[in-house]
Amino acid sequence: MRLVLLSLLALLPACATFPALDKAIDPAAAKAAFPDFVPFETLVTTGDDQTAAEMADDLTLRAAVLQNRAEQLRNSAVQ
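Quick caveat, the model's predicted, so the values are computed rather than measured.

Visitor: Please clarify how the environment of arginine 74 should be interpreted in this entry.
Guide: You can see arginine 74 is positioned in helix H4 (residues 52–75). Here arginine 74 falls in the exposed class, since its relative accessible area comes to 59%. A sequence separation of 32 residues divides arginine 74 from threonine 42, and the C-alpha atoms of the two residues are 42 Å apart. Among the polar contacts made by the side chain of arginine 74, one reaches the side chain of glutamate 71 at a distance of 2.7 Å.

Structural data, given as structure tokens:
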């Protein structure tokens, strides 16, 4: 009996009406051209010729500066 009840409850959402999603799209957007495909490498380049080692050094420096600033904030008096 429980199995029948659970089955009916599981099938109940199948009777639901769904909103008309096709009408929600603007006709101008539906007729718009798709964007051009571009190579992946052009999306992930940084724009400058910085090597991975230089980037790692920059991130290490930024982390040290932020840790120093956090330590200063921890040691400062709150008013």
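The rest of the description comes next.
Visitor: Would you explain the confidence of the model for the protein chain in this entry?
Guide: Where the model shows low pLDDT, its predicted coordinates should not be examined in detail. Confidence in the prediction for the protein chain averages 83 pLDDT; 94% of positions are at 70 or higher. Considering each helix and strand of the protein chain separately, the mean pLDDT is smallest for helix H3 (residues 40–44), with a value of 78, and largest for H4, with 93.

Visitor: Any chance you could explain the environment of aspartate 26 here in plain terms?
Guide: With respect to the helices, strands and loops of the structure, aspartate 26 is situated in the loop between helix H1 (2–11) and helix H2 (27–31). As for aspartate 26 and valine 44, which are separated by 18 residues in sequence, their C-alpha atoms are 32 Å apart.

Visitor: Before we go on, may I ask you to explain the pattern of salt bridges in this structure?
Guide: A side chain with one charge can pair with a side chain of the opposite charge if their charged atoms come near. For the coordinates displayed, the defined rule picks out 1 salt bridge. The partner of arginine 74 in a salt bridge is glutamate 71, and the shortest N-O contact between them spans 2.7 Å. Taken together, the positions of arginine 74 and glutamate 71, both in helix H4 and 3 residues apart, correspond to about one turn of that helix.

Calculation notes
Residues numbered from 1 in each chain as written. Predicted model: local features only at pLDDT ≥ 70, side-chain atom pairs only at ≥ 80, totals over all residues. Heavy atoms only, no water. Helix = DSSP H or I, 4+ residues; strand = E, 2+ residues; numbered from the N terminus. Buried < 20%, exposed > 50% of the residue type's maximum accessible area, 1.4 Å probe, protein only. Polar contact = N/O pair within 3.5 Å; in protein donor to acceptor, adjacent residues only side chain to side chain. pLDDT = per-residue confidence, 0-100. Salt bridge = Lys/Arg side-chain N within 4 Å of Asp/Glu carboxyl O.

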